[in-house]
Amino acid sequence: IVGTPTEARWPGWSQLPNVSSMMLKFQKTPHNNLRAHLYQTHQSTCSAACYDLLEGLLHLDPAQRLSASAALKHEWFRETPAMTSPDRFPELPARKHH
């Protein structure tokens with residue numbers, strides 16, 4: 001979904017242990033077709049802010065990936081309609097574990 005790592009997208013990745021042998025096993029895929037993939041597989045109607053958040057969380061380069069605290073401050077959480085408060089979630093019957 002986010003493509004195969006490259007030095008341009010993740011500086012230093014090729015220096016990680018076992019990268020050269022690992023890359024022989026993977027088909028190279030283009031960078032970030034997340035929106036197209038989600039739309040094709042789920043007819044996703046995510047907003048631009050939603051895609052931005054997902055792309056930030058799924059960024060290959062850890063130095064550029066959103067931290068949890070930055071993600072919680074993302075504009076997507078302030079979009080309307082607002083999320084439902086957990087106290088308004090329906091109560092579901094408990095499942096019996098076998």
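Residues numbered from 1 in each chain as written. Predicted model: local features only at pLDDT ≥ 70, side-chain atom pairs only at ≥ 80, totals over all residues. Heavy atoms only, no water.

Here's the deal with the side chain of H59
Put simply, the rule is: Think of it this way: any DSSP run of H or I at least four residues long counts as a helix, any run of E at least two long counts as a strand, and we number them from the N terminus. N or O atoms within 3.5 Å of each other form a polar contact, as long as, within protein, one can give a hydrogen and the other can take it, and as long as residues adjacent in sequence are counted only when both atoms are side-chain atoms. Any two residues having at least one pair of non-hydrogen atoms within 4.5 Å are treated as being in contact.
Inspection of the secondary structure assignment puts H59 in the loop between α3 (48–57) and α4 (68–72). Separated by 3.2 Å, the side chain of H59 and the backbone nitrogen of D61 make a polar contact. If we skip the residues at most four places from it in the chain, H59 touches R9, Q64 and R65.

A word on the side chain of R9
For clarity, the threshold we go by: For each residue, the accessible area found with a 1.4 Å probe, counting protein chains only, is set against the maximum for its type, and the residue is called buried under 20%, exposed over 50%, and partly exposed in between. Only four residue types enter the tally: Lys and Arg on the positive side, Asp and Glu on the negative side, with His and both chain ends excluded. Whenever a carboxyl oxygen of Asp or Glu lies within 4 Å of a side-chain nitrogen of Lys or Arg, that contact is scored as a salt bridge.
Mapped onto the elements, R9 comes out in the segment before α1 (19–23). Buried and unpaired, R9 has D61 as its nearest opposite-charge partner, separated by 8.2 Å. Once residues within four sequence positions are removed from consideration, R9 is found in contact with V2, H31, H59, L60, D61 and Q64.

Concerning α3
If you check which residues of α3 are buried, you get A49, C50, Y51, L53 and G56. Residues of α3 that are buried make contact with α2 (34–42) and α4.

A few points about the packing of α2 against α3
The line we're drawing: Geometry is summarised by axes, namely lines fitted to C-alpha atoms with helices restricted to the contacting stretch, and by angles between N-to-C directions that run from 0 to 180 degrees. Here a crossing is taken to be left-handed if its near helix is turned anticlockwise relative to the far helix by less than a right angle, and right-handed if that turn runs clockwise. Polar here means any residue outside two lists: the nonpolar Ala, Val, Leu, Ile, Met, Phe, Trp, Tyr, Cys and Pro, and the charged Asp, Glu, Lys and Arg; Gly therefore counts as polar.
Axis separation between α2 and α3 bottoms out at 10 Å; the angle between their running directions is 115°. As α2 packs across α3, the resulting crossing turns out to be right-handed. Of α3, the residues touching α2 (which contributes L34, R35 and L38) are A48, Y51, L54 and E55. For the contact of α2 with α3, the residue count by class is 5 nonpolar, no polar and 2 charged.

Focus: a nonpolar patch on the surface
Here is the rule we go by: Each patch is built from salt-bridge-free residues with over 30% relative accessible area, joining like charges within 9 Å and nonpolar side chains (Val, Leu, Ile, Met, Phe, Trp, Tyr) within 5 Å. Working definition of accessibility: Shrake-Rupley area with a 1.4 Å probe, residue cover restricted to the visible protein chains.
On the surface, a nonpolar cluster with roughly 320 Å² of combined accessible area is contributed by L72, F77 and M83. Within the secondary structure, L72 sits in helix α4. Residue classification places L72 among the exposed positions, given a relative accessible area of 60%.

So, the confidence of the model for the protein chain
This is how it is decided: The predictor attaches a confidence to each residue, and that confidence, scored 0 to 100, is pLDDT.
When pLDDT is averaged along the protein chain, the result is 83; 94% of the residues meet or exceed 70. Per-element confidence in the protein chain ranges from a low mean pLDDT of 76 for α2 to a high of 95 for α4.

What about the environment of A36?
Secondary-structure assignment places A36 in helix α2. Taking relative accessible area as the criterion, A36 reaches 40% and is therefore assigned partly exposed. For the pair A36 and I1, spaced 35 residues apart in sequence, the C-alpha separation works out to 9.2 Å.

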